[in-house]
Every structure is written in C-alpha cells, then in structure tokens.
Amino acid sequence: MFRKLIRFCFVFGVISLVIGVCGFIAANVYFTHTAKQKAASIIKTAGERDAQTPDQELIEIARIVFERFEEKWPSEVPLLRISPYVSNSRLPEFIKFSEGVIETYIATGMCDNAARMLHFVLKQKGYDSVQWNMVSGANAHSALLVYMPDGREVLLDPFYGYVGYDKDEERLLSPEEMRIDLSEGKTFEDVFLPLGDKARPAFYKDFQFVQMAPLGENLNIIATLPRIEAQAVFLGKINGDNKDVMGAASANSMTPFWHYVGHKYDRSWVRVLSAVQDVRLEMTLLSDVEEGVITSDPRPQIQGNKMVWNLKAGDEIKFYDGRAKINWRRLNSFIGIDQIAIYPILP
C-alpha cells in the first residue's frame with residue numbers, strides 16, 4: 001500500500017511537471033507571437049512616415065514606442081512582476097521568454113521596460129541593441145544603445161522621449177559623442193532631439209556628468225557620505241520601508257541606489273561609498289543580515305539586522321553586486337535597507 005502511494009505521488013508529480021512545462025511553453029508562444037504582431041505594426045507605421053535613412057527609421061520607431069508606452073510602476077503590473085523570472089538567463093532557451101516580449105505585449109512600465117520594448121521591436125528589423133544604464137548624483141535612468149549597420153552606436157530613449165542627434169549632419173549620436181559635444185559648448189538642443197511634445201528633458205540637463213555603461217558591463221557608482229558635525233545623520237527612518245532611504249540618498253547627491261544590500265538591478269554594478277571624515281556607518285536592514293547579501297570590501301561587523309563599519313577619512317567601501325547569492329525562499333538576491341545612520345567619531 002505504501003509503495004503504491006509513493007508510485008502514485010511520483011507519477012502525479014511527473015504529470016504535473018509535464019503539464020506545467022507545456023503550459024509555460026504555450027504561454028511563451030502566445031506572448032511572443034502577439035508581441036511580434038505589435039512590433040510589426042510599429043515598424044509598418046514607422047515605414048509609412050517616409051523615413052529615408054536608417055537613422056530616420058530608428059527615430060520614427062522610437063517615437064512610436066514613446067507615444068504608445070504607458071508609465072507605471074512594475075509592482076502595479078502583475079506581468080512585469082513575473083517578467084524577471086520567465087526571462088531569467090538560468091532558464092533553458094526553449095522555455096525562456098525573449099527580452100522585451102512582456103514589455104512589447106503590454107507597453108507598460110518604467111524606463112528599463114521601455115528600453116526592452118524598443119529592443120524587441122528593433123530586433124524584428126535586425127538591429128542589435130543593449131540597455132544603456134545612466135546614473136547621476138540624484139537619479140538613475142535606462143535607455144537603449146543601438147548598433148548601426150555602419151558600425152556606429154546611437155542612443156535612443158523611448159521613455160523620456162529623446163535621441164542623441166546632430167542636426168547639422170542629420171545623424172544619430174552615441175552617448176560619448178553627445179557628452180563630448182556638450183563639454184565643447186554645444187547646447188542641449190544641439191545634441192538632443194525630442195520625440196514629441198511630451199518629452200521630458202530634466203534627467204539629461206547634466207548629461208556630461210552622468211556615470212554610464214551598457215547593461216552587463218562594469219559600472220562604478222561612486223558616492224560620498226555627507227559631511228556631519230557633532231550630530232548623527234540619518235538617511236531614512238526605521239519604518240519597515242526602504243523608499244525613504246532612496247529619497248534621502250538622492251537628496252544628498254549619493255544616487256538613489258543605497259536602499260538595498262546584495263544585488264537588485266545589475267550584477268556588473270560596483271557601488272562605492274567614500275568617507276570624508278572619521279565616521280561610524282550603520283546600515284539597518286529590513287531583516288537579519290544573510291551571508292549571501294554581504295558583498296562589500298571591507299566586510300562589515302554584523303549585529304543582527306545591522307551592518308557596521310568604522311571608517312577613517314578617505315576610506316572606501318566597495319559593494320560588488322555580482323557577489324550576491326540568490327535566496328530561493330525570497331527568489332531574489334537582496335535585502336532592503338531600512339535606514340542608514342552616520343555617526344561622527346570624535347577625536
């Protein structure tokens with residue numbers, strides 16, 4: 001009897017697994033087919049706008065994605081919440097969703113989602129591209145770097161609605177060309193072409209100073225701890241939420257990306273905190289510290305849910321996001337930071 005029960009459970013498990021895999025594949029086929037239809041519609045519409053050159057064609061395709069894409073936090077969109085799992089690189093190729101399928105299907109999300117949608121659409125035209133990550137002191141953003149047939153690299157932003165563009169030569173520009181032009185005195189309007197009346201320029205106003213790199217390549221995000229006097233400085237409150245840490249870090253020109261330890265966005269990131277004076281730095285996490293999220297050099301002291309460093313002026317802490325280990329219970333590689341506290345070490 002017991003052996004029959006074991007055999008039944010095994011057979012039932014195998015059948016359930018097969019049904020699940022078949023369902024996953026069927027969903028992949030459906031979403032991919034529909035996304036390709038939507039991409040074909042965008043490409044067709046762009047072709048009807050009388051684009052004469054590859055540069056003009058890319059501008060029109062990016063313009064249509066910008067016009068159709070709806071901004072919404074991924075946490076509010078169920079399909080975007082599951083997208084990192086169904087397109088995970090660890091999945092076998094025959095069941096993995098291609099990059100941008102979900103985003104093209106729903107045309108919704110934030111800047112990285114818009115970049116993935118444009119990536120998928122351009123892939124149908126034979127263009128290779130990669131997400132282009134940019135970080136300023138107060139904000140961060142993702143657009144798309146596209147590889148042209150003639151060997152050029154060009155920047156398209158379907159979220160804020162701009163492309164790098166030289167109006168005199170009527171050609172798209174790479175991020176480096178844009179930065180050089182700005183540093184040599186060209187105006188914003190000389191370097192950026194809006195894709196519509198609703199284009200938002202704020203992030204790009206200080207473009208020559210942003211840190212940037214393609215997704216998957218090392219991006220050093222360097223920040224300096226704020227100088228303090230006799231009183232401690234607190235970034236965020238102990239309230240079970242790490243969003244206020246993002247805001248406080250941005251307000252102190254540290255970039256927003258100090259609201260987690262481990263890996264959350266890109267494993268190629270190296271986040272660097274430097275001290276301008278002797279301080280005690282405490283990061284209070286939303287749960288107890290786990291070995292898998294300790295990625296820093298030097299290693300912190302661990303006190304329950306706190307990570308602690310005693311720093312001298314000029315010291316740096318480097319957080320190597322690629323070292324983080326996945327927690328299979330949470331299905332992620334990070335823990336949020338509830339508060340960052342900076343205490344002066346008085347002589």
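See the structure printed just above.
All values reported here derive from a predicted model rather than from experimental measurement.

**Some details on the sheet that holds strand E18 (residues 316–320)**
Then, in step 1: An order of E10-E13-E18-E15 is seen for the four strands of this open sheet, with the pairing classed as mixed. A strand with exactly one partner marks an edge of an open sheet, and here the two such strands are strand E10 (219–224) and strand E15 (296–297).
Then, in step 2: Sheet topology places E10 next to strand E13 (residues 269–274); six bridges connect them, and they run parallel. Note that in E13 the partner of Thr 224 across the bridge is Ser 274.

**So, the environment of Ala 26**
Then, in step 1: Looking at where Ala 26 falls in the secondary structure, it is placed in helix H1 (residues 2–47).
Then, in step 2: What makes Ala 26 partly exposed here is its relative accessible area of 45%.
Then, in step 3: Linking Ala 26 and Leu 286, residues 260 residues apart in sequence, is a C-alpha distance of 38 Å.

**Regarding helix H8 (residues 243–251)**
Note on helix geometry: an α-helix contains 3.6 residues per turn, so any two residues three or four positions apart are oriented the same way.
Then, in step 1: Of the residues making up H8, those classed as buried are Val 245, Ala 248, Ala 249 and Ser 250.
Then, in step 2: Once H8 ends, the next one or two residues include Ser 253, with phi positive near 60°.

**What about helix H3 (residues 78–86)?**
Then, in step 1: Of all the residues in H3, the buried ones are Leu 80, Ser 83 and Val 86. Viewed end-on, H3 has its buried residues packed into an arc of 115°, placing them on one side of the element.

**Remarks on the environment of Ile 222**
Then, in step 1: When you line up the elements, Ile 222 lands in strand E10.
Then, in step 2: The residues touching Ile 222, leaving out its near neighbours within four places in the chain, are Gln 211 and Val 272.

**Concerning the packing of helix H2 (residues 54–68) against helix H5 (residues 111–123)**
Then, in step 1: Remark: H2 packs on H5, axes separated minimally by 10 Å, with the N-to-C direction vectors making an angle of 135°. Judged on the interaxial angle alone, H5 and H2 are oblique. Once H2 is placed against H5, the crossing between them reads as right-handed. Residue-level contacts link Leu 58, Ile 61, Ala 62 and Val 65 of H2 to Ala 114, Met 117, Leu 118, Val 121 and Leu 122 of H5.
Then, in step 2: Classifying every residue of the contact of H2 with H5 gives nine nonpolar, no polar and no charged.

**Observations concerning unusual backbone geometry**
Among all residues except glycine, the phi angle is most often negative; among peptide bonds, the trans geometry is most common.
Then, in step 1: For the peptide bond that leads from Asp 297 to Pro 298, omega is 10°, which places it in the cis range.
Then, in step 2: On the secondary structure map, Pro 298 appears in the loop between E15 and strand E16 (301–303).

**A few points about a nonpolar patch on the surface**
Then, in step 1: On the surface, Ile 82, Tyr 85, Trp 328 and Leu 331 cluster together into a nonpolar patch covering about 430 Å² of accessible area.
Then, in step 2: When you line up the elements, Tyr 85 lands in helix H3.

**Overview of the pairing of E13**
Then, in step 1: Burial of E13 is extensive: six of the six residues sit out of reach of the surface.
Then, in step 2: Here E13 shows a buried face lined by Trp 269, Arg 271 and Leu 273 and a second buried face lined by Val 270, Val 272 and Ser 274.
Then, in step 3: Where E13 meets E18, five bridges bridge the pair, whose relative direction is antiparallel. For Val 270, the partnering residue across the bridge sits in E18 and is Tyr 320.

**As for the pattern of salt bridges**
Oppositely charged side chains can form a pair if their charged atoms are brought close together.
Then, in step 1: Per the stated rule, a full pass over the model turns up 22 salt bridges.
Then, in step 2: With a closest N to O distance of 3.0 Å, Arg 200 and Glu 71 form a salt bridge. Here Glu 71 lies in strand E1 (residues 70–71) and Arg 200 lies in the loop between strand E8 (192–194) and strand E9 (211–214), a separation of 129 residues in the sequence.
Then, in step 3: The exposure class of Arg 200 is partly exposed, given its relative accessible area of 34%.
Then, in step 4: For Glu 176, the salt bridge identified is with Arg 179, shortest N-O distance 3.4 Å. Linking Glu 176 with Arg 179, this pair stays in helix H6 (residues 175–183), spanning three residues, or about one helical turn.
Then, in step 5: The exposure class assigned to Glu 176 is partly exposed, which follows from its relative accessible area of 42%.
Then, in step 6: A single network of salt bridges, built from pairs that share partners, joins Arg 49, Glu 60, Arg 63 and Glu 67.

Reading the values: the criteria
- Residues numbered from 1 in each chain as written.
- Predicted model: local features only at pLDDT ≥ 70, side-chain atom pairs only at ≥ 80, totals over all residues.
- Heavy atoms only, no water.
- Pairing = 2+ DSSP bridges.
- Helix = DSSP H or I, 4+ residues; strand = E, 2+ residues; numbered from the N terminus.
- Buried < 20%, exposed > 50% of the residue type's maximum accessible area, 1.4 Å probe, protein only.
- Arc of directions from axis to C-beta.
- Contact = heavy atoms within 4.5 Å.
- Axes fitted to C-alpha atoms, helices over the stretch in contact; angles between N-to-C directions.
- Parallel < 35°, antiparallel > 145°, perpendicular 65-115°, else oblique.
- Left-handed = near helix turned anticlockwise from the far one by under 90°.
- Nonpolar A, V, L, I, M, F, W, Y, C, P; charged D, E, K, R; others polar.
- Patch = residues over 30% accessible without salt bridge, like charges linked within 9 Å, V, L, I, M, F, W, Y side chains within 5 Å.
- Areas by Shrake-Rupley, 256 points an atom, 1.4 Å probe, with all protein chains shown as cover.
- Salt bridge = Lys/Arg side-chain N within 4 Å of Asp/Glu carboxyl O.

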